[in-house]
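Below, each chain spelled out in residue letters.
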Amino acid sequence: MLKDTKGDGDLKKYYVEPNMITELTRNTLVLILAGGEGSRLKDLTKWRAKPAVPFGGKYRIIDFALSNCVNSGLRKIGVLTQYKSHSLLRHLQRGWGFMRAEIGEFVELLPAQQRTSEKAWYKGTADALFQNMDIMQRHNTEYVIVLGGDHIYTMDYAKMLLQHVQSGADFTVGAIEVPVAEATDFGVLAVSDDMRITSFDEKPAQPKEIPGKPGVALASMGIYVFSKRFLYESLSEDAIDPNSSHDFGKDIIPDRIKDSVAMAYSFKDEKTGLPAYWRDVGTLESYWKANMELCAVEPELNLYDRSWTIWTYQTQNPPAKFVFDEDGRRGEAIDSLISAGCIVSGASVKRSVLSFATTIDSHSIIRDSVILPKVVIGKNCRITRAIIDKECEIPDNTIIGENLEDDKARFHVSPEGIVLITPEMLGQYTFPLDGLSRWREKS
């Protein structure tokens, strides 16, 4: 299938037959780890798993990994869930049921089922796969791609898969260059000139810099390509190791570098050669910032690229509407994303993201904020640098983001000054076990 056209053994010069990538993607199973608690997002994940958190006005975070799979030609997909998964499962059932099982396509939902003899929930990322190894074997693919379901980016996984096969790797780790100051939150790789991994440190206190690039480290994206036999052997050995935490980054990847072919795939923009767009939206600050970046004139993440559609599910809504054109009462939005079903009624929206079916009443001003679906904002409100959760009802004359000390008494304020507002904080929603009668779906 591969031909060395130069006769010099250089893998980079191999000729790829036109149908090879299609054959590889058809022979690959993708498993998306979507069971994370996402506790750093505070109350945004009180009722939903992190991959189910809304993003960009109409999407959920997991839509980006799933869309990357579909656009890469990978259509055998399993989604592993665990933590508060109802909202996520419902979204997947409604929005990702278009695959054709009769031709081998699927998005299969794999809730934690305590399948091993210990009857335990997933102990780590490796244990999550081990507990579903019979399902992986049943699909009988030659390669397995493992992804996180909680990052924002667009990536052609087929290119990484092809490099994995051409290099003869046992496993390949997707990697991206990040500032050393940020690398303490990731697994950090060191590689040789041919991108073979020589060391891997999970969340090191002092990350290794890339030689010749001071202040820059090579971080794991949590994206792995495994050859089938190697993965099964590694998971089985890890499962019986009493000293293991059963995690890829902490255990399997660093332990297997020395006795296997471990390669890194550098995720770069093909046009510029610079690190491509990839965001870990695991904190309120990073989540808010990633949404704000979409408001730029030419954002790094191009949601309007028709060659790489981001698929999702959303309810049917009428077009967004802007009403009133009077001095001091003009419905307008500037440098903002306004989703379907929104009504901006004599209000001003600047550098903000409005999710679907949101209403803002007269004389209110919204700046630098992320508004999740079905929010109602009353008259004469001023809201700055805020994240407002789904179905909040903001009373008339509310001021948020101008006096953080006052905000802290009512809401959650991040160290960076981002104010998070939820219905509970407004006294508008209480779990029924508290003995109160009002119950509204919160996911």
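Residues numbered from 1 in each chain as written. Predicted model: local features only at pLDDT ≥ 70, side-chain atom pairs only at ≥ 80, totals over all residues. Heavy atoms only, no water.

**Q** What should I look at first to understand the packing of helix α2 (residues 62-71) against helix α3 (residues 86-95) in this one?
**A** A pair of packed helices can be characterised by two numbers: the angle between their axes and the separation between those axes. Viewed as axis vectors pointing N to C, α2 and α3 meet at an angle of 35°, and their least axial separation amounts to 12 Å. Relative to α3, the crossing made by α2 is right-handed. Residues Ile62, Asp63 and Leu66 of α2 form the contact with α3, whose own contacting residues are Leu88, His91 and Leu92. Residues of the contact of α2 with α3, tallied by class, amount to four nonpolar, one polar and one charged. (Axes fitted to C-alpha atoms, helices over the stretch in contact; angles between N-to-C directions. Helix = DSSP H or I, 4+ residues; strand = E, 2+ residues; numbered from the N terminus. Left-handed = near helix turned anticlockwise from the far one by under 90°. Contact = heavy atoms within 4.5 Å. Nonpolar A, V, L, I, M, F, W, Y, C, P; charged D, E, K, R; others polar.)

**Q** Looking at this model, I keep getting lost on the layout of surface pockets. Mind explaining?
**A** A water-sized probe, rolled over the atoms, reveals where empty space remains. Volume-wise, the second largest pocket comes out at about 1,100 Å³. Lining the second largest pocket are 40 residues; nearest its centre among them are Thr125, Asp150, Glu202, Lys203 and Asp247. Those elements that place two or more of their residues in the lining of the second largest pocket are α4 (125-130), β8 (143-148), β12 (197-202), β13 (216-227), α9 (248-256) and β15 (278-280). Ranked by the residues each element gives to the lining of the second largest pocket, the list is headed by β13, at four residues. Residues that form the lining of the second largest pocket fall into these classes: 14 nonpolar, 15 polar and eleven charged. (1 Å grid on protein atoms, 1.4 Å probe; cavity = no way out; pocket = protein on both sides within 12 Å on 5 of 7 lines; lining within 4 Å. Points joined across faces, edges and corners; volume = space filled by probe spheres on them.)

**Q** Which parts of the structure should I look at to understand the environment of Gly249?
**A** Tracing the backbone shows Gly249 in helix α9. Put simply, Gly249 and Thr125 are 124 residues apart on the chain and 8.5 Å apart in space, counted from C-alpha to C-alpha.

**Q** Would you mind going over empty space enclosed by the protein with me for this structure?
**A** Applying the stated criterion across every chain yields a total of one cavity of 30 Å³ or more. Taken together, Leu29, Leu31, Gly78, Phe106, Glu108, Leu110, Asn132, Ile135, Met136 and His139 make up the full set of residues lining the largest cavity. Residue assignment for the lining of the largest cavity shows that the elements contributing at least two residues are β3 (28-33), β7 (106-111) and α5 (133-139). For the lining of the largest cavity, the per-class residue count stands at six nonpolar, three polar and one charged.

**Q** What should I look at first to understand α9 in this one?
**A** Each α-helix winds once per 3.6 residues, and so residues spaced three or four apart point in a common direction. Within α9 the residues assigned to the buried category are Phe248, Gly249, Asp251, Ile252, Ile253 and Arg256. At its buried positions, α9 is contacted by α4, β8, β10 (171-179), β12, β13 and α8 (228-239). (Buried < 20%, exposed > 50% of the residue type's maximum accessible area, 1.4 Å probe, protein only.)

**Q** Honestly, the packing of aromatic side chains in this entry has me stumped. Any pointers?
**A** Counting across every chain of the model gives 14 aromatic pairs. For the pair Trp96 and Phe98, a centre-to-centre distance of 5.4 Å together with 40° between the ring planes defines the contact as tilted. Classification of Trp96 as buried rests on a relative accessible area of 2%. Ring centres of Phe186 and Trp278 lie 5.7 Å apart, and the angle between their planes is 55°; on these two criteria the pair is classed as tilted. Here Trp278 lies in strand β15 and Phe186 lies in the loop between α7 (180-183) and β11 (187-191), a separation of 92 residues in the sequence. This pair shows no difference in class: Phe186 is buried, exactly as Trp278 is. Ring pairs connect the aromatic residues Phe171, Tyr224, Phe226, Phe230 and Phe248, which therefore count as one cluster. One cation-aromatic arrangement involves Lys84 over Trp47; the distance from NZ or CZ to the ring centre is 5.6 Å. When the ring centre of Phe324 is taken as reference, the NZ or CZ atom of Arg329 above it lies at 3.6 Å. (Phe/Tyr/Trp six-rings, centres within 6.5 Å; stacked < 30°, edge-to-face > 60°. Lys NZ or Arg CZ within 6 Å of the ring centre and 35° of its normal.)

**Q** When you look at the pattern of salt bridges in this model, what are you seeing that I'm missing?
**A** Any two side chains of opposite charge can pair, so long as their charged atoms come close to each other. Within this structure, the stated rule accounts for 20 salt bridges. A salt bridge links Arg100 to Glu102, with the shortest nitrogen-to-oxygen separation between them at 2.4 Å. Judged by its relative accessible area of 55%, Glu102 falls in the exposed class. Notably, a salt bridge pairs Asp325 with Arg330, separated by 2.5 Å at the nearest N-O pair. Of the residues examined, Asp325 reaches a relative accessible area of 60% and is grouped as exposed. Accessibility expressed as a relative area gives 32% for Arg330, which makes it partly exposed. Linked through salt bridges whose partners overlap, the residues forming this network are Lys50, Asp150 and Asp280. (Salt bridge = Lys/Arg side-chain N within 4 Å of Asp/Glu carboxyl O.)

**Q** Would you take a moment to explain the sheet that holds strand β25 (residues 365-367) for this structure?
**A** Hydrogen bonds along the backbone pair up the strands of a sheet, which may run parallel or antiparallel. Pairing within the open sheet is parallel, and its five strands lie in the order β19-β22-β25-β28-β31. In this open sheet, the two strands that pair with only one neighbour each are β19 (332-334) and β31 (399-400). (Pairing = 2+ DSSP bridges.)

**Q** Help me out: how do you make sense of the nonpolar core in this one?
**A** Ranked by size, the top nonpolar core spans 43 residues in total, and within it Ile32, Leu66, Ile77, Val79, Leu147, Met155 and Tyr157 carry the most contacts. Not counting the four nearest positions on each side in its chain, Ile77 is found in contact with Leu29, Val30, Ile32, Leu66, Cys69, Met99, Phe106, Val107 and Glu108. In this structure, Leu33, Val144, Ile197 and Leu218 belong to the second largest nonpolar core, which totals 36 residues. (Core = buried A, V, L, I, M, F, W, Y, C linked by side-chain atoms within 4.5 Å.)

**Q** Just checking my understanding: could you explain the pairing of β7 for this structure?
**A** Taken residue by residue, a regular strand's side chains alternate between the two faces of the sheet. The sheet contact formed by strand β6 (residues 76-81) and β7 spans six bridges and is parallel. Residue pairing in the sheet places Val79 in a bridge with Leu109 of β7. You can see the chain leave β6, run along α3 and come back into β7, and the turn it takes is right-handed. (Right-handed = clockwise from strand over helix to strand, strands pointing away.)

**Q** Teacher, can you tell me more about the packing of α8 against α9 here?
**A** The interhelical angle for the contact between α8 and α9, taken along N-to-C directions, is 120°, at an axis separation of 11 Å. The way α8 lies across α9 gives a crossing that is right-handed. Residues Phe230, Leu231, Ser234, Leu235, Glu237 and Asp238 of α8 form the contact with α9, whose own contacting residues are Phe248, Asp251, Ile252 and Arg256.

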